[in-house]
Amino acid sequence: MLPILITFLIIMIVIAVVYFVGAQAPKKSTKPGTRGSTRSSSSRSRPTKERSRFRQTPGWLRKLPLVLVILAVVSLVIAVAQFRVAKSKATPTIVLVIDASNSMDATDVQPDRLSAAESAAQGFLQQLPPDFAVSLVSFADEPKMLVAPTTDHTEVANALADLPRGQGTVIGDGLASATDEIEKYQQGSQAGPAAIVLLSDGNDTGSKTPPLDAAANAAAQGVPVYTVILGAPKQGGGGANADLLNQIATSTGAVPATAQTSSELSSVYEQLGSQLSSQLKISSSAQLFVFIAIALAVAAAVILLLTTQRRS
């Protein structure tokens, strides 16, 4: 909505300039000390010098800036209307899926992996527009739907502070639970685009739904799954299954990320928040009309400036 407001301001400035310049009547030059009768007789005795046709501004060109400004306002009205239609028909949904297994107690990520994940997710929430629906799923030995999709981000923030713990890492079941919740939510009147952000520091320990099958289901629904691999890889194996998490992301049209420190994790979630927040700012058609309105307003200002210089 901000680009539309900026465009509106630009057009209002152009309208003010058009009004101000158009209201200025050209001043007639008079020489001090001359009398009306003398000036009158001089004008009768000497032929009036006609203004050069080159310096005369055609009537249609003088009216063109006003026409362009009107068209710019019309384009802006269309852009606002399309933005409101797109907004009313599509509520973006984001599901945060967080590994809460006991391995998240490791302190290689300060102060520990789970605390760092919670903090980064809190910062992610603050970046999202208030009309985005957010859901929270945690998983360890089983997946748990903690918060159904809601625009009350405070509810999600509160749940992040008390994630249920457990032994095991059922990545596939956690992802399947998130996908099922999106499918259920999108059956309502506020269906819109969705995305999943999945964080884990381990390998799948035997999900009922294999992770790649859950990823295929998400891809079929058009839901990208952004995976975040937390922690440094362990020598001799162990730690996060980077190949699996990378494949989940790429197979759904998303990108994987890796974080080995709390600052890297915060940066990853910050970038994801910015990226996902901008996906539905303005629909493409509304954005086109915004650009048209800006171009028309600028053209009106340029033509007005040129015609003003031509008359002077």
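Residues numbered from 1 in each chain as written. Predicted model: local features only at pLDDT ≥ 70, side-chain atom pairs only at ≥ 80, totals over all residues. Heavy atoms only, no water.

Caption draft 1: View of the side chain of D99. Within the secondary structure layout, D99 lies in strand β1 (residues 93-99). This buried residue, D99, is left without a salt bridge; R165 holds the nearest opposite charge, at 7.3 Å. Side chain to side chain, D99 and S101 meet in a polar contact 2.8 Å long. A polar side-chain atom of D99 sits 2.9 Å from a polar atom in the side chain of S200. Non-local contacts of D99, meaning those with residues more than four positions away in its chain, are made with M104, L114, F139, T169, L199, S200, D201 and G202. (Helix = DSSP H or I, 4+ residues; strand = E, 2+ residues; numbered from the N terminus. Buried < 20%, exposed > 50% of the residue type's maximum accessible area, 1.4 Å probe, protein only. Lys, Arg positive; Asp, Glu negative; His and termini not counted. Salt bridge = Lys/Arg side-chain N within 4 Å of Asp/Glu carboxyl O. Polar contact = N/O pair within 3.5 Å; in protein donor to acceptor, adjacent residues only side chain to side chain. Contact = heavy atoms within 4.5 Å.)

Caption draft 2: Structural view of empty space enclosed by the protein. Counting across every chain of the model gives two cavities of 30 Å³ or more. In this structure, the second largest cavity occupies an estimated 40 Å³ of space. As for the second largest cavity, its lining consists of S138, F139, A140, D141, E142, K144, P164 and R165. A breakdown of the residues in the lining of the second largest cavity according to their chemical character gives three nonpolar, one polar and four charged. (1 Å grid on protein atoms, 1.4 Å probe; cavity = no way out; pocket = protein on both sides within 12 Å on 5 of 7 lines; lining within 4 Å. Points joined across faces, edges and corners; volume = space filled by probe spheres on them. Nonpolar A, V, L, I, M, F, W, Y, C, P; charged D, E, K, R; others polar.)

Caption draft 3: Geometry of the environment of Q247. Structurally, Q247 can be placed in helix α8 (residues 242-251). Using a relative accessible area of 43% as the deciding quantity, one classes Q247 as partly exposed. Here the alpha-carbon distance between Q247 and P211, two residues 36 residues apart in the chain, equals 9.7 Å.

Caption draft 4: Region of the structure containing a nonpolar patch on the surface. A cluster of nonpolar side chains, L66, I70, V74 and I78, forms an exposed patch at the surface whose accessible area comes to about 330 Å². Relative accessible area serves as the criterion here: at 43%, V74 is assigned to the partly exposed category. (Patch = residues over 30% accessible without salt bridge, like charges linked within 9 Å, V, L, I, M, F, W, Y side chains within 5 Å. Areas by Shrake-Rupley, 256 points an atom, 1.4 Å probe, with all protein chains shown as cover.)

Caption draft 5: Summary view of the side chain of T179. Inspection of the secondary structure assignment puts T179 in helix α6 (residues 171-185). By relative accessible area, which is 1% here, T179 ends up buried. Not counting residues up to four positions away in its chain, the partners in contact with T179 are I196, A214, N217, A218 and Q221.

Caption draft 6: How the structure looks around the sheet that holds strand β4 (residues 194-200). Read across the open sheet, the six strands follow the order β3-β2-β1-β4-β5-β6; overall the sheet is mixed. Whereas interior strands pair on both sides, the edge strands pair on one side only; in this sheet they are β3 (143-150) and β6 (257-259). With strand direction ignored, the average angle separating the axes of adjacent strands in the sheet is 15°. Across the face of the sheet, α8 comes into contact with β4 and β5 (225-230) while running at roughly 160° to β5. (Pairing = 2+ DSSP bridges. Axes fitted to C-alpha atoms, helices over the stretch in contact; angles between N-to-C directions.)

Caption draft 7: Quick look at the packing of helix α4 (residues 113-127) against helix α9 (residues 262-277). Taken N-terminus to C-terminus, the directions of α4 and α9 make an angle of 25°; their axes are 8 Å apart at the nearest point. One element, α4, and the other, α9, form an angle in the roughly parallel class. Crossing handedness for the pair α4 and α9: right-handed. Along the contact surface, α4 presents A116, A117, A120, A121, F124 and Q127, while α9 presents S262, L265, S266, Y269, E270, L272, G273, S274, L276 and S277. (Parallel < 35°, antiparallel > 145°, perpendicular 65-115°, else oblique. Left-handed = near helix turned anticlockwise from the far one by under 90°.)

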